[in-house]
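So you can see what is in the structure, the chains are spelled out below.
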Amino acid sequence: AAADSLLRHPTLRSALEFLDLMMDAYPGYGTLRLPQSHADQVDLHSTAFSYDAALAILAYLRDERAESLDRARLIGDGLVFAQQHDPDFADGRLRQAYNVGPYTLGGVEQPDGFVRPDGTVNIASQYGFVGSGTGELAWAGVALCALAFRVLDARYLTAARRLGDWIHDTCGTEAPLGGYRAGVDRHYQLLRHAGTAHNATVAAHFGLLYALTGDVRWRRRRQTALAFLARMWAPGDGFYYSGSDDGRTIAPLPLTAEAQLLPTLAIRRADRTSCLDWLASQLT
């Protein structure tokens, strides 16, 4: 009951209304779409980040409005389409961001919506958002797993599995600290660093895949991410280090908020919640 009343809070209602507005920003460019990530004055125009789309799915799944489930499915359909209709790759990845509507940048017109006339997805290449980050793909996997569980549609689970396979096959490492590296950059070069936050999200993604499929490979792969998180824990200080720049040595700085929050959400270990106390002490 408390959770239901919280969802009716005016601030949350305003947030959902903003999501609705961003989803409906380009009504003349097809039903299939993702929500634009920022208001127009940010100057990213119609850019829709995959990470933001994943969080929007999760937000809509928590809302009690009947239309919110339809919107969650619509965003899920957009991510599935993007995965299946990439102009360059057919390996299960998503890109960092896409265009979902027209605009003009530096005198150059970008006339298309989310789907180009040739049937491929419209990648936000003009900003260099063509890479694929492990964390943002894992967030998309978490959202698609949640959607698959809610609506019992195998397409979303298949897409989540493909994302997981790409992360495992592309970003796995034999470096001493293990875990999964951060993804590929705009030049499609594999990034060397591995982060606490994105490994926590991978652990959540792979844990959901194991729960939904029963495939023990996902349990083993989840353990790879969990082992990295264990190596990032500083028991004497009660916080998580943020990761490693090279996969061999732990980076002492910076210490970030997301490195404390995401493992707490992903693995829910009572003996490591001191990281939240540490974080609160740094913010006061």
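Look up: the structure comes first, before these words.
**Topic: the pattern of salt bridges**
Here comes step 1: One pass over the full model with this rule turns up 19 salt bridges.
Here comes step 2: Of the charged contacts in the structure, one is a salt bridge between R269 and D271, with a shortest N-O distance of 2.5 Å.
Here comes step 3: With a relative accessible area of 51%, D271 lands in the exposed category.
Here comes step 4: A cluster of three or more residues bridged by salt bridges with shared partners is formed by R13, D20, D24, R33, D63, E64, R65, E67 and R71.

**What to know about the packing of helix α8 (residues 216-232) against helix α9 (residues 258-267)**
Here comes step 1: For the pair α8 and α9, the least separation of the axes is 12 Å and the interaxial angle reads 135°. The angle between the axes of α8 and α9 places the two elements in the oblique class. Along this stretch, α8 crosses α9, giving a crossing that reads as left-handed. For the pair α8 and α9, contact is made by R222, L226 and L229 and by P263, A266 and I267, respectively.
Here comes step 2: In the contact of α8 with α9, the residues fall into five nonpolar, no polar and one charged.

**A few points about the packing of aromatic side chains**
Here comes step 1: In total, this model carries eleven aromatic pairs according to the counting rule given.
Here comes step 2: Measuring from centroid to centroid gives 5.6 Å for Y127 and F129, while their planes differ by 25°, and the two rings are stacked.
Here comes step 3: What makes Y127 buried here is its relative accessible area of 18%.
Here comes step 4: Look at F239 and Y241: their rings are 5.4 Å apart centre to centre, the planes differ by 85°, and that puts the pair in the edge-to-face class.
Here comes step 5: Judged by relative accessible area, Y241 falls into the partly exposed class, the value being 21%.
Here comes step 6: One aromatic cluster in this structure is built from F49, Y127 and F129.
Here comes step 7: Lying over the aromatic face of F89, R93 brings its terminal NZ or CZ to 3.6 Å of the ring centre.
Here comes step 8: The ring of W218 has R221 lying over it, and the distance from NZ or CZ to the ring centre is 4.7 Å.

Cut-offs applied
Residues numbered from 1 in each chain as written. Predicted model: local features only at pLDDT ≥ 70, side-chain atom pairs only at ≥ 80, totals over all residues. Heavy atoms only, no water. Salt bridge = Lys/Arg side-chain N within 4 Å of Asp/Glu carboxyl O. Buried < 20%, exposed > 50% of the residue type's maximum accessible area, 1.4 Å probe, protein only. Axes fitted to C-alpha atoms, helices over the stretch in contact; angles between N-to-C directions. Helix = DSSP H or I, 4+ residues; strand = E, 2+ residues; numbered from the N terminus. Parallel < 35°, antiparallel > 145°, perpendicular 65-115°, else oblique. Left-handed = near helix turned anticlockwise from the far one by under 90°. Contact = heavy atoms within 4.5 Å. Nonpolar A, V, L, I, M, F, W, Y, C, P; charged D, E, K, R; others polar. Phe/Tyr/Trp six-rings, centres within 6.5 Å; stacked < 30°, edge-to-face > 60°. Lys NZ or Arg CZ within 6 Å of the ring centre and 35° of its normal.

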